Amino acid sequence: MTPEGIALLIFGLAVVLFVVDRLPMGLLVFSVPLALYFTGLIDAKEIFAPLIGQSIILVVAMSVIGAALFKTGMAEKIGATLFRFCPGERTLIFAVMIFSGVVSSFVSNTGTVAVLIPIVMGVAAAHRMKPCRLLIPLTAGATIGGNISVIGSPGNLIAKETIEKFSEGAMSVTFFEYAKIGIPLLIAAAVFYALLGPKLLPSKDSPAAEAFAGRGETKADWRGWLTLAILLVTVGAMIAADYVKALPPMHITACLGAVAVVLTGIITQKEAFAAFDMQAVFLLSFMTPLGTAMMRTGAAQRIADTVVSAAGGHGPLVLMALLWLTVWGLTQVMSNTATCALFCPIGWTIAKTLGADPRAVVIAVLIASSVAVCTPLAIPANSMILEPGNLRFKDFFKPGIFLSAVAFALSMILLPMLYPFFP
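A short tour of the structure in this document, coming up. Here the structure is a predicted model, which is why all the values come from computation and not from measurement.

## A short note on the pattern of salt bridges
A side chain of one charge can pair with a side chain of the opposite charge when the charged atoms of the two come close. For the structure shown, the criterion picks out nine salt bridges. Residues Glu4 and Arg302 are paired through a salt bridge, measuring 2.5 Å at the closest nitrogen-oxygen approach. Of the two residues, Glu4 sits in helix 1 (residues 3–20) while Arg302 sits in helix 17 (residues 299–310), which places them 298 residues apart along the sequence. Lys130 is the salt-bridge partner of Asp205, the closest N and O atoms lying 2.5 Å from each other. In this pair, Asp205 sits in the loop between helix 10 (179–200) and helix 11 (209–213) while Lys130 sits in the loop between helix 7 (109–126) and helix 8 (132–145), placing the two residues 75 residues apart along the sequence. By relative accessible area, which is 54% here, Asp205 ends up exposed. The class for Lys130 is partly exposed, based on a relative accessible area of 28%.

If you want it as structure tokens, here you go:
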């Protein structure tokens, strides 16, 4: 078998195994570069080289700062204060989505949802609402809001790595690069759910409501305010680094923020180590060699040529739409980060085949992978609300499919405007 055929086989098996979800994700992800190595597509150094990459350091450091923000109760305090001023169901849905989206743009969406579940359950009880009518918007806001900043999710960093690596440094991704579409998308999603959510969202009693309603009442003291200050200074310095060359790069700034929350005693060293999201580290590190092998062997080009041929010469917008829908469909039944890692190189190659600016297509893959709202399988945060909301698989689909349609339409309008295919 040719190297191209081997790469395609490994790619196809990875997709199938991710969808079937029978193996632990960490084991599956680590097996991919090993398969590439033993088939001669990469060398030993390329297996572990991504582990010391800037994106990995950034994920690890921001996980520490996020853990400090949650431990001190600062996230709960801000959320509880905000929701107290929302008088009705529609305003609560809007506020929950916006707040969870903003928080998850800087820290883990899983952590955001875990911390806000008891707050949202308590708010629902106070307003005599069914908890599920706020919990589904909570997870939707958290996953879509991750598109606001480059550190919002591992997928954001995968898209960044793809653009910067494959362009050989000719293109760069700034801290708020994705906010151009991420902010409009979050606002549109929040407005959509606020207006039509009462008709689309399920209405089910929750036996777990009392158990959850009393949780999450941690009082934020000086440690909480200090953590918030460290987060804001860290993020501010990351943003400024795009314009002030004297400042250190983003991953170094994030490390300084992580060191600060440990040095000040906000969290212990043990808690800092426990905060590392190792699944995100594995996905970012060990899926990268597959993209490299796909590009090197011509497998990515083969897929791109097939997709372009199937589209019948309808141009980059149609191709981008087809790729968006493909990624969106897969991300409902498998890890959204894995989907993003698999298809970012494909999107890049499709765009380059047409001679178009590849950024719009790669970011389309990212956005499509983040609209993981139709099933409880796509992201851990969705499965976390099953018990407290007394939800079932089908309860996600109806509101999720309509929200996905909004995201798709907005993506097809904004991305070609922000990144013209043929400038």
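## Some details on the nonpolar core
Among the nonpolar cores identified, the biggest contains 150 residues, and Phe18 and Leu342 are the most heavily contacted of them. The dominant element in this core, judged by the number of residues it contributes, is helix 4 (residues 54–71), at 11 residues. Setting aside residues no more than four positions away along its own chain, Phe18 makes contact with Met25, Leu28, Val29, Met287, Val333, Met334, Ala338 and Leu342.

## So, helix 7
The terminal C-alpha atoms of helix 7 lie 25 Å apart, and with 18 residues this matches the ideal 26 Å at 1.5 Å per residue to within 8%. Of all the bends in helix 7, the greatest reaches close to 40° and is centred on Leu116; the proline Pro118 follows between one and four positions later. When you tally the buried positions in helix 7, you get 13 out of 18 residues, the bulk of the element.

## Digging into the environment of Ala240
Mapped onto the fold, Ala240 is located in helix 12 (residues 222–240). The partly exposed category is assigned to Ala240, whose relative accessible area is 24%. Expressed as a C-alpha distance, the spacing of Ala240 and Arg90, which sit 150 residues apart in the sequence, is 36 Å.

Rules used in this analysis
- Residues numbered from 1 in each chain as written.
- Predicted model: local features only at pLDDT ≥ 70, side-chain atom pairs only at ≥ 80, totals over all residues.
- Heavy atoms only, no water.
- Salt bridge = Lys/Arg side-chain N within 4 Å of Asp/Glu carboxyl O.
- Helix = DSSP H or I, 4+ residues; strand = E, 2+ residues; numbered from the N terminus.
- Buried < 20%, exposed > 50% of the residue type's maximum accessible area, 1.4 Å probe, protein only.
- Core = buried A, V, L, I, M, F, W, Y, C linked by side-chain atoms within 4.5 Å.
- Contact = heavy atoms within 4.5 Å.
- Expected span 1.5 Å × (residues − 1).
- Bend = angle between axes of the 7 residues up to and from the residue.

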